[in-house]
Amino acid sequence: MYTPKEAQRSQRLNKRVDGAFHGQQPFAGALPLGIFTFLATFRRACDTAGLTQGQALPLMVFRLAGNAEMAFCGALNSTLGRKRYPIRTYGDAVNWLLSKTALHATMANAYQDILTMKQQDSEAPTVFVCSTTI
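Criteria and cut-off values
Residues numbered from 1 in each chain as written. Predicted model: local features only at pLDDT ≥ 70, side-chain atom pairs only at ≥ 80, totals over all residues. Heavy atoms only, no water. Helix = DSSP H or I, 4+ residues; strand = E, 2+ residues; numbered from the N terminus. Polar contact = N/O pair within 3.5 Å; in protein donor to acceptor, adjacent residues only side chain to side chain. Phe/Tyr/Trp six-rings, centres within 6.5 Å; stacked < 30°, edge-to-face > 60°. Buried < 20%, exposed > 50% of the residue type's maximum accessible area, 1.4 Å probe, protein only. Core = buried A, V, L, I, M, F, W, Y, C linked by side-chain atoms within 4.5 Å. Contact = heavy atoms within 4.5 Å. Patch = residues over 30% accessible without salt bridge, like charges linked within 9 Å, V, L, I, M, F, W, Y side chains within 5 Å. Areas by Shrake-Rupley, 256 points an atom, 1.4 Å probe, with all protein chains shown as cover. Salt bridge = Lys/Arg side-chain N within 4 Å of Asp/Glu carboxyl O. Lys, Arg positive; Asp, Glu negative; His and termini not counted. Charge placed at Lys NZ, Arg CZ, Asp CG, Glu CD. Arc of directions from axis to C-beta. pLDDT = per-residue confidence, 0-100.

Next up on the list: the side chain of T41. By the element assignment, T41 lies in helix α2 (residues 34-49). Polar side-chain contacts of T41 include one of 2.8 Å to the backbone oxygen of T37.

So, in structure tokens, the structure goes:
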């Protein structure tokens, strides 16, 4: 639970990150491979805003939605025996998000899809590249 002062500070930091997202919707977990786009955008936004990893961790919740947000908040505030809070650092958060969304089967299917993609004769290289990105 944040104090009012900490909540204001988090909101100010979150506004500094807004520019890099350019209206991008929060990550809800519906598209599993979208986690890579989300994490890359989030990292770039935090780097641009000059945030440390410690400042970035609480801001990650602002960029999640739906089931992804509920699961993430639950993992932030959970206890497991003597071990409290499985997500303690920014690195823990990234690993947790990847383990929950980028499942092995999903990654294997995406890899196979990429290997079997073909560029149409009438398709420009830039269109093909854009259509294959997440």
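Okay, the environment of G34 next. Position of G34 relative to the elements: it lies in helix α2. In this structure, the C-alpha to C-alpha distance between G34 and T101, residues 67 residues apart in sequence, is 8.8 Å.

Another point: the packing of aromatic side chains. Applying the stated criterion to the full structure yields four aromatic pairs. Considering the side-chain rings of F27 and F38, the 5.6 Å spacing of their centres and the 25 degrees angle between planes classify their relative orientation as stacked. With F27 in the loop between α1 (4-21) and α2 and F38 in helix α2, this pair connects stretches of sequence that are eleven residues apart. Their ring planes at 65 degrees and their centres at 5.8 Å tell us that F72 and W96 sit as a pair that is edge-to-face. With F72 in helix α4 (residues 66-76) and W96 in helix α5 (residues 90-101), this pair connects stretches of sequence that are 24 residues apart. Here F72 falls in the buried class, since its relative accessible area comes to 0%.

Turning our attention to the nonpolar core. Judged by nonpolar contacts, the single largest core of 29 residues is most densely connected at F38, F42, M60, F72, I87 and L97. Where this core is concerned, the elements lending two or more residues are α1, α2, α3 (53-59), α4 and α5. With seven residues, the single largest contributor to this core is α2. With residues near it in sequence (within four places) discarded, F42 still touches F21, A56, L59, M60, R63 and Y90.

The next thing to look at is a positive patch on the surface. Taken together, K5, R9, R12 and R16 make up a surface patch of like positive charges. Considering the arrangement of structural elements, one finds K5 in helix α1. Given a relative accessible area of 69%, K5 falls into the exposed group.

Here we come to α4. Taken together, the buried positions of α4 are A68, F72, A75 and L76. Angular distribution of buried residues about the axis of α4 spans 100 degrees; they occupy a single face of the element. α4 presents N67 and M70 as exposed residues on the side facing more than 90 degrees away from its buried surface. Contacts made by the buried residues of α4 are with α3 and α5.

Per-residue pLDDT for the protein chain averages 78, and the proportion of residues at 70 or more is 83%. At the low end of the mean pLDDT range in the protein chain sits helix α7 (residues 125-132), at 59; at the high end sits α5, at 88.

Before going further, it helps to spend a moment on the side chain of T101. Along the chain, T101 turns up in helix α5. Ignoring sequence-local partners within four residues, the contact set of T101 consists of F27, P32 and I35.

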